[in-house]
Amino acid sequence: MGTPSRTRAGQAGNGLAKGPLKGLRESGPAHDPSRHSSSNPNNPLSPATSTSDSDQGHRGLPRDSTGSVEDIAPEIVVWTESMDNPSMEIDSPGSMTPSVMETVTTPSLTTLSLPTPDEATEEQGASLTSSLSIKLESSDLSSIPPSPSSSKATTPVDIDSSKELLAQAARPSHTGDTPRRRYNVRPKVSIPSDLPAAEYAMQCISAAESSRLNPYALHEEEYIMLRDHISHAQVTTYLNIRNGILRLFVRNPQIAVTREEAVGCAKDPRWFDVASVCFDWLVRGGYINFGCVEIRPSRKHANNKDLPADGKRKTVVVIGAGMAGLGCARQLEGLFLQYSKKFRERGEDIPQVIVIEARSRVGGRVYSRPFTSRPNHVPESFVGKRFTAEMGGMIITGFDRGNPINILLRGQLGLAYRPLRPDTTLYDSNGKPVDLQRDQLVEKLYNDCLDRVSEYKFQHPSSKLIEGNRELIDEGKDSSAEAHKTIRQAEESTAAQPHSLPVSEQNIAPQVNRVPVSSDRATGRVHTEPGTPGALKAAYKAKLMGWSIKHGVDDNADLDIEPVTKEPNATLGSVVDKIIAQYREIVDLNAQDYRLMNWHVANLEYSNAINYNQLSLQGWDIDAGNEWEGNHTMVVGGYQSVPRGLMHIPTQLDVRQKSPVSRIAYACENNGGPATVECEDGSKIEADFVVNTIPLGVLKHGNVKFTPPLPSWKSDAIGRLGFGVLNKVILVYKEPFWDEERDIFGVLRCPPNRHSLDQKDYASQRGRFFQWFNVSKTSGMPVLLALMAGDAGYDTEQTCNDDLVAEATRVLRSVYGSKVPEPIEAVVTRWASDKFARGSYSSAGPHMRVDDYDTMAKPIGNLFFAGEHTSGTYPATVHGAYLSGIRAASEVLDVILGPIEIPNPLIIPKEAASLSLLKRKAVESKDPTQARKEAYEIALWDHVIAEIGLRPLKPNKPAVSAYIFYSKAHYEDARTACAAGRRPGKGKPSAIEVRVMSAKMWKDAAPEERKKFENQAEEHKRAHAKAMAEFNELAAEWDRKATALKEAYEREHPSVPSREELELEERRARRSKRAVTSYAESEDEMMGS
Ligand SMILES: Cc1cc2nc3c(=O)[nH]c(=O)nc-3n(C[C@H](O)[C@H](O)[C@H](O)COP(=O)(O)OP(=O)(O)OC[C@H]3O[C@@H](n4cnc5c(N)ncnc54)[C@H](O)[C@@H]3O)c2cc1C
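Residues numbered from 1 in each chain as written. Predicted model: local features only at pLDDT ≥ 70, side-chain atom pairs only at ≥ 80, totals over all residues. Heavy atoms only, no water.

- The chain has the name Flavin-containing amine oxidoreductase-domain containing protein in an unreviewed UniProt entry, where Podospora appendiculata is given as its organism.
- Turning to the chain, the UniProt record has this under Sequence similarities (unreviewed entry): "Belongs to the flavin monoamine oxidase family." (UniProt positions renumbered as here; feature names shortened; annotations may be inferred.)

Here it is, written out as structure tokens:
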């Protein structure tokens, strides 16, 4: 082809909150206000709302968008010339009508007054230096010059390209005479004190996962940034801090995390600078403080008083107001505000950001076009919403596991959305539902075809895995081990050993191949799981799937697809067509099987917006494994509310619409002079930096000129990547006549020769009206939306509207009978004819190279690139486009501000810190009261145990899942089953394959077979319950005796304070009379003492 509470965790009593924010925090629960937010049913990020299947998330004031639009007489309104409908557009900044924002509500954003992170640091004037301000002559972890031989790898790091990574991809960092920051913060202040450590850890882990980061391992950029500064043993503590900072943002994304809050995630002042560096990395990389979050400029600088008279100001021009462009512009605005102090220090105002958009609307390929018709009756839930057709991006493919649209849509804009019910009925070409068993059988065969081509996919380079201690991270504990070598030193000394691995091959993540197992009917995406592609012989596999083998075909019969894959123009389609033809020799495939098979092919062509004969054999599934989790959903009233929200919230972006760009003159080298963006009307804007989000289709078309012309490495990638078309026919009816309980249904299409068993005959028809969405709940009227995929997508561009509507009606009548009426309104998209899109989305062209998407993303001098076609991880999607905009914004900031500054040493070694800080600890550990109490406690328990022995042990929890017993008993069978029918050269089945097989065997096991293991599990459950009852009795008895013994001991041997203790107590009382305003201050006192 996504009203949090206004308070943040763990800040009670830190004394930092000011102004309205302070008030807000104080109104929350005493210790962990964010926990309050998580259980708030209005919090869109809370589990309560994410699982409901009704309209969700809307908390906006209803505004009537329908008032100004007359009810239209029943007529068919078909778009023909321009897909944009200027008369209905409402995006000009000056003409913001209530309907623009009807579903975008940020009730409390305007009340926020947040200092920027820098301001927070600066304005807490009374702050004192952290313990890290101790001057150190030498340190075990002091920076060493980078070694040319070492790897730049991280998690994941491409070994081969790791050198390049260091030079280009990695967020630069700078180690030098960076002055240490001062933090007016106490350690742990951002960690809720009333949350059990394991619960806190769980929230942190889940926050990292929701931010697309591995909670247990360093990201490649973190690795590169930190490898000279921390040791392997210190990775755990770093990750705990990083995950803690992410938790702050994820739990309340309407509030920007400040540097002080981030630093408060450290449990020890020695780690304050690490937390601060991590904060910079998270902010710059767009992991926190992104989207529609309000960041106030420093009050101190807001009035430009300290700007020099000639007030320099940089300009960044972003071309395109789609998700990439608006995402980038919004991110740049946020970053510039957060780093406003840096600009002031250079005597500059913060840069201005201008978005140039060709159309008279924003959103680009996210376009919710208003219908002209209105429903007879507007349901309550739809009052104030727009009645729209989703012309482009429509489905949010799950909110979980890091979709940034989750933060934008639910966490910040509070938009209403609806899950798409996944059940799909497939209707045959005669209108009858397809037999479910046959449907499943053919789907398995189709997935096996894709499994066999997976063997030829690009191998993703091995990646480096620098992990923390998983157990400690799960328990929310830092590592006490420190080690004496930085990661780099450790890697290099290992590499220096005889016969040992070079740095680039150390700590490599295991290579995981993925094989297709099912396909998503709503999106056409193929689901994969780890396994060995094409491992089994065809006849054996067909039998496993449930097919009968043709008479006379040997069980060992196999396919021979090697020759077709070697053909110079081999594509996914050419090879799969061949596989299907060869399977026809092994199993009986009839014409209906071909129709079914081609329905799935059409679905795949929908997700790639192109005929599968135009897809790279190696790269068609390059983003496999990057899917989100959770329901597919749609936005009530239109997805375009998201780009609109990005444009308007928290402040209006400077978007200049109706300004098609015709030429971009840029400087190939940085500092090579300004760029000039020229529009079709001859107007020009000078810019220091340009971010180009013009779609790949437009770039291919060549009517936007570049001066100088783009280098061949870029233009060749533009040529190789594919850009096809998916179109939609959207039909509005007076009343629904379809099954309203279903959101999706499919229709199998016949080839011109109805009974053909030749794949080629199916290509032209398979994608015509093959997939239908009932979008009434999100459009506000009875609406069906049909997809035109593959060749049908292109045909739509050439077919007249009447013919399309007539064909759609014929298809619907075949399913729902002759009473199906004509639609009252129809909208047809023609994305390939659209001058500012030239197609729908990118795909893996037949000659694509593995790194083409990365090449598309690479900047040239002061010209940067974003857009869905620059994201190899999430291409062809709304979220991919948005993330690419964030990435480009970080690149621009890095060029302007330079790398993240890293103090040296980053972490004060324990020994050095002890000169001052540990002195206090030493005093504490020698605290006679503490020592007396500890000794007393030990003696008391020794006495109890000597009398009645140890407390009885709780019985271990038994395995209560019948499947576990089954898989243990059948492990060998599963292994043998995996090995059976295996093709030569495929090696032994991996543990994952055996597990998958064992799960499958369990699923297929007869009820009697399962019963045995269910009984076994039941037996264990009963035995455990009995043991628990006995334990509870014994434990209660033991506790009773222990309490009695304890009381007696305390009576007979009371613990009395010594003279030394009494004197110390007196000294403490004297000190406490002096004013102590912060932890850091008292700490400094200690240092000076
Ligand atoms: C039919 C269809 C269905 C889709 N379905 C889904 C889906 O269900 N889920 C999903 O996640 N994604 C889907 N997508 C993909 C998704 O919509 C896109 O990947 C995403 O919106 C692209 O965003 P972008 O910012 O990269 O490009 P665009 O949104 O195209 O933004 C580029 C902007 O540049 C402007 N522009 C172009 N030329 C010029 C010029 N010369 N001068 C100035 N401005 C110019 C354009 O007008 C446009 O506003 C679908 C797309 C289509 C077309």
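Right, picking up where we left off after that structure.
**Let's talk about the overall build of the chain**
Here is step 1 of the chain: Within the chain, the regular secondary structure consists of 37 helices and 26 strands.
Here is step 2 of the chain: Within the span of the chain, comprising 1089 residues, buried residues form 57% of the whole.
Here is step 3 of the chain: Counting only carbon and sulfur atoms, one obtains 52% of the accessible surface of the chain, whose full area is about 45000 Å². (Helix = DSSP H or I, 4+ residues; strand = E, 2+ residues; numbered from the N terminus. Buried < 20%, exposed > 50% of the residue type's maximum accessible area, 1.4 Å probe, protein only. Areas by Shrake-Rupley, 256 points an atom, 1.4 Å probe, with all protein chains shown as cover.)

**Looking at helix α32 (residues 962–969)**
Here is step 1 of the chain: Within α32, the full set of buried residues consists of A962, F965, Y966 and S967.
Here is step 2 of the chain: Along its buried surface, α32 packs onto α33 (971–979), α34 (991–1004) and α35 (1007–1052).
Here is step 3 of the chain: Two to three positions downstream of the cap, the backbone nitrogen of Y963 sits 3.2 Å from a side-chain oxygen, assigning the N-cap of α32 to S961. (Contact = heavy atoms within 4.5 Å. Polar contact = N/O pair within 3.5 Å; in protein donor to acceptor, adjacent residues only side chain to side chain.)

**Describing unusual backbone geometry**
Here is step 1 of the chain: Of note, the bond from I649 into P650 is cis; its omega dihedral lies within 30 degrees of zero at 5 degrees.
Here is step 2 of the chain: In the segment running from N904 into P905, the intervening peptide bond is cis, with an omega of 0 degrees.
Here is step 3 of the chain: Tracing the backbone through its elements, the reader meets P905 in the loop between β26 (900–902) and α29 (910–913).
Here is step 4 of the chain: Positioned with a positive phi, F769 is a non-glycine residue whose angle comes to about 45 degrees.
Here is step 5 of the chain: By the secondary structure assignment, F769 is in strand β21 (residues 768–774).
Here is step 6 of the chain: The class of F769 is buried, set by a relative accessible area of 0%.
Here is step 7 of the chain: The phi angle at A876 is positive, at roughly 65 degrees, despite the residue not being glycine.

**Observations regarding the pattern of salt bridges**
Here is step 1 of the chain: Taken as a whole and assessed by the stated rule, the structure comprises 56 salt bridges.
Here is step 2 of the chain: Between R595 and D428 there is a salt bridge whose closest N-O contact spans 2.8 Å. One end of the pair, R595, is in helix α20 (residues 591–608); the other, D428, is in the loop between β8 (424–427) and α14 (436–454), and 167 residues separate them in sequence.
Here is step 3 of the chain: Here D428 falls in the buried class, since its relative accessible area comes to 6%.
Here is step 4 of the chain: Salt bridges sharing common partners tie together D448, D451, R452, E455, K541, D558, R983 and K986. (Salt bridge = Lys/Arg side-chain N within 4 Å of Asp/Glu carboxyl O.)

**Considerations on the nonpolar core**
Here is step 1 of the chain: One finds Y238 and M323 to be the most contacted residues of the largest nonpolar core, which totals 102 residues.
Here is step 2 of the chain: Looking at this core, the element that brings in the most residues is helix α28 (residues 878–897), giving 10 residues.
Here is step 3 of the chain: Viewed by domain, this core spans two of them, domain 1 (1–54 + 110–303) and domain 2 (315–361 + 640–721 + 842–897), each represented by three or more residues.
Here is step 4 of the chain: Those residues in contact with M323 that sit more than four places away from it in its chain are G363, V366, I405, L408, V642, P643, L646, V878, A881 and Y882.
Here is step 5 of the chain: Counting 80 residues, the second largest nonpolar core, distinct from the first, contains V434, Y446, L617 and Y762. (Core = buried A, V, L, I, M, F, W, Y, C linked by side-chain atoms within 4.5 Å. Domains from an automatic or database assignment.)

**Side note on the side chain of D834**
Here is step 1 of the chain: Note that D834 resides in the loop between β23 (825–828) and β24 (841–843).
Here is step 2 of the chain: Reaching out from D834, the side chain makes a polar contact with the backbone nitrogen of F836 at a distance of 2.7 Å.

**A few points about the site of the ligand**
Here is step 1 of the chain: The environment of the ligand is formed by 39 residues, the closest being E357, R359, R365, I395 and V661.
Here is step 2 of the chain: R365 places a side-chain nitrogen or oxygen 2.7 Å from an oxygen atom of the ligand.
Here is step 3 of the chain: Measuring from an oxygen atom of the ligand, one finds a backbone N or O atom of I395 at 2.8 Å.
Here is step 4 of the chain: Burial of the ligand by the surrounding chains reaches 99%, relative to a free accessible area of 1000 Å². (Near = heavy atom within 4 Å.)

**Section: the sheet that holds strand β2 (residues 312–319)**
Here is step 1 of the chain: The strand order β12-β3-β2-β16-β25 describes an open sheet built from 5 strands, whose pairing is parallel. Of all strands in the sheet, those with a lone pairing partner are β12 (654–656) and β25 (863–865), marking the two edges. Within this sheet the neighbouring strands show an average axis-to-axis angle of 25 degrees, counted without direction. (Pairing = 2+ DSSP bridges. Axes fitted to C-alpha atoms, helices over the stretch in contact; angles between N-to-C directions.)

**What about the environment of D400?**
Here is step 1 of the chain: Within the secondary structure, D400 sits in the loop between β6 (396–397) and α13 (404–412).
Here is step 2 of the chain: Distance in space between the C-alpha atoms of D400 and E627 is 9.5 Å, their sequence separation being 227 residues.
Here is step 3 of the chain: Residues in contact with D400, not counting those within four places in the same chain, are W628, E629 and G630.

**Details of the packing of helix α11 (residues 323–338) against helix α21 (residues 641–648)**
Here is step 1 of the chain: Two elements in contact, α11 and α21, have axes separated by 9 Å at closest approach and are oriented at 25 degrees. Between α11 and α21, the angle is such that the two are roughly parallel. When you trace α11 past α21, the crossing you get is left-handed. Contact residues: α11 offers M323, L326, G327 and R330, while α21 offers V642, P643, L646, M647 and H648. (Parallel < 35°, antiparallel > 145°, perpendicular 65-115°, else oblique. Left-handed = near helix turned anticlockwise from the far one by under 90°.)

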